[in-house]
Amino acid sequence: MARIRWAEVVERAREVVLGYGGDVTLRQTYYKLTMAGVIPHTASSYKHLSSHLARARREDRFPDLIDTMRRVHEPPAWEDATEMIGQVPGWFRLDRTRGQEVALYVAAEKDTLRAQFTGWLDELGIPVIVVRGYGSQSYVQVVRDRTATETREVRLAYFGDFDASGEGIEQDWIARTGCWDTVERVLLTNEQRIAYGLPPTEGKKGDPRWSAFAAKYGFDPARPVQWEVEALERNELHALLMAAVEPYVDREILAEVLADEQRQRAQLQTFVNGWPRPPASR
């Protein structure tokens, strides 16, 4: 295999990220490059790509990627009450699922998916759950409490990797929450990984679920493999997400809620405009 010219790889990666407007993860960038034949599809290539892109970002030579951990945790604070009150109209929003026939939830197996899904579903107000492996019982209870008073059909659209652990995680989550009238695995399925020609990655060695999973789908029991949602093109992932939720969104009802939201936001702005300004500091 020819020696990888990482300076060229970084430039190709830069083109990928800019092409998506920065709304892309490291994993998605990696898959885009491997499927284009820029770098080999190996764990070593992924680690080297991560290292080279991190260095390029430190040197301000590369655009930002989605990073769910990049956050400064501090208590909220303002210069004064006027500054805080002034921000209230922008914060205000109604429950945009109000009036819809189905209470739809989207479950993402990984936090990187959550970062994209919440942005794509923001206008619709559809809540996103992050499963993150075998979720804690506390988180299970949060979801159960949230849905307990729901009078509508409660539906879950699930997005996760196609692998032995992913299938087990999904089943565990559904069983322990126990609050869904209907569950649909939108991604990733065996049929989809074939249809899209997605490349496999090495699976978890020693996974006790692999033997049964391999027998179910006809894989080599001695060679654990897995397919990740991030292997899908980012635009295709977006299209599949929206296609899954759109049947449960009445756009006319949503438009009425958004109009009501704007009316109430304008009322808040009128209140803010009349808020007394503090005296100038001496």
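So, how was this worked out
- Residues numbered from 1 in each chain as written.
- Predicted model: local features only at pLDDT ≥ 70, side-chain atom pairs only at ≥ 80, totals over all residues.
- Heavy atoms only, no water.
- Helix = DSSP H or I, 4+ residues; strand = E, 2+ residues; numbered from the N terminus.
- Contact = heavy atoms within 4.5 Å.
- Areas by Shrake-Rupley, 256 points an atom, 1.4 Å probe, with all protein chains shown as cover.
- Lys, Arg positive; Asp, Glu negative; His and termini not counted.
- Charge placed at Lys NZ, Arg CZ, Asp CG, Glu CD.
- Patch = residues over 30% accessible without salt bridge, like charges linked within 9 Å, V, L, I, M, F, W, Y side chains within 5 Å.
- Salt bridge = Lys/Arg side-chain N within 4 Å of Asp/Glu carboxyl O.
- Phe/Tyr/Trp six-rings, centres within 6.5 Å; stacked < 30°, edge-to-face > 60°.
- Buried < 20%, exposed > 50% of the residue type's maximum accessible area, 1.4 Å probe, protein only.
- Polar contact = N/O pair within 3.5 Å; in protein donor to acceptor, adjacent residues only side chain to side chain.

**A closer look at the overall build of the chain**
Point 1. Helix and strand counts for the chain come out as 11 helices and six strands.
Point 2. Seen through its principal axes, the chain has C-alpha atoms that stretch 70 × 50 × 35 Å.
Point 3. Restricting the contact set of the chain to residue pairs at least 6 apart, pairs at least 24 apart contribute 75%.
Point 4. Split by element, the accessible area of the chain, about 16000 Å² in all, is 51% carbon and sulfur.
Point 5. Charge separation in the chain, taken as the distance between the mean sites of 37 positive and 42 negative side-chain charges, equals 6 Å.

**Examining a negative patch on the surface**
Point 1. A cluster of acidic residues, Glu101, Asp250, Glu252 and Glu256, forms a negative patch at the surface.
Point 2. Along the chain, aspartate 250 falls in the loop between α10 (234-245) and α11 (251-273).

**Comments concerning the packing of aromatic side chains**
Point 1. According to the stated counting rule, one finds 18 aromatic pairs in the structure shown.
Point 2. Measuring from ring centre to ring centre gives 4.8 Å for phenylalanine 213 and tyrosine 217, while their planes differ by 55°; the resulting arrangement is tilted. Taken together, the positions of phenylalanine 213 and tyrosine 217, both in helix α9 (residues 210-217) and four residues apart, correspond to about one turn of that helix.
Point 3. On the accessibility criterion, phenylalanine 213 (3% relative accessible area) is buried.

**Considering unusual backbone geometry**
Point 1. The omega torsion of the bond from leucine 187 to leucine 188 falls at -5°, within 30 degrees of zero and hence cis.
Point 2. Note that leucine 188 resides in the loop between β4 (182-187) and α8 (190-195).

**Regarding the environment of aspartate 95**
Point 1. Structurally, aspartate 95 is set in the loop between α4 (81-91) and β1 (102-108).
Point 2. By relative accessible area, which is 46% here, aspartate 95 ends up partly exposed.
Point 3. Along the primary structure aspartate 95 and glutamine 267 are separated by 172 residues, whereas in three dimensions their C-alpha atoms are 18 Å apart.
Point 4. One polar contact links aspartate 95 to threonine 97, side chain to side chain, over a distance of 2.7 Å.

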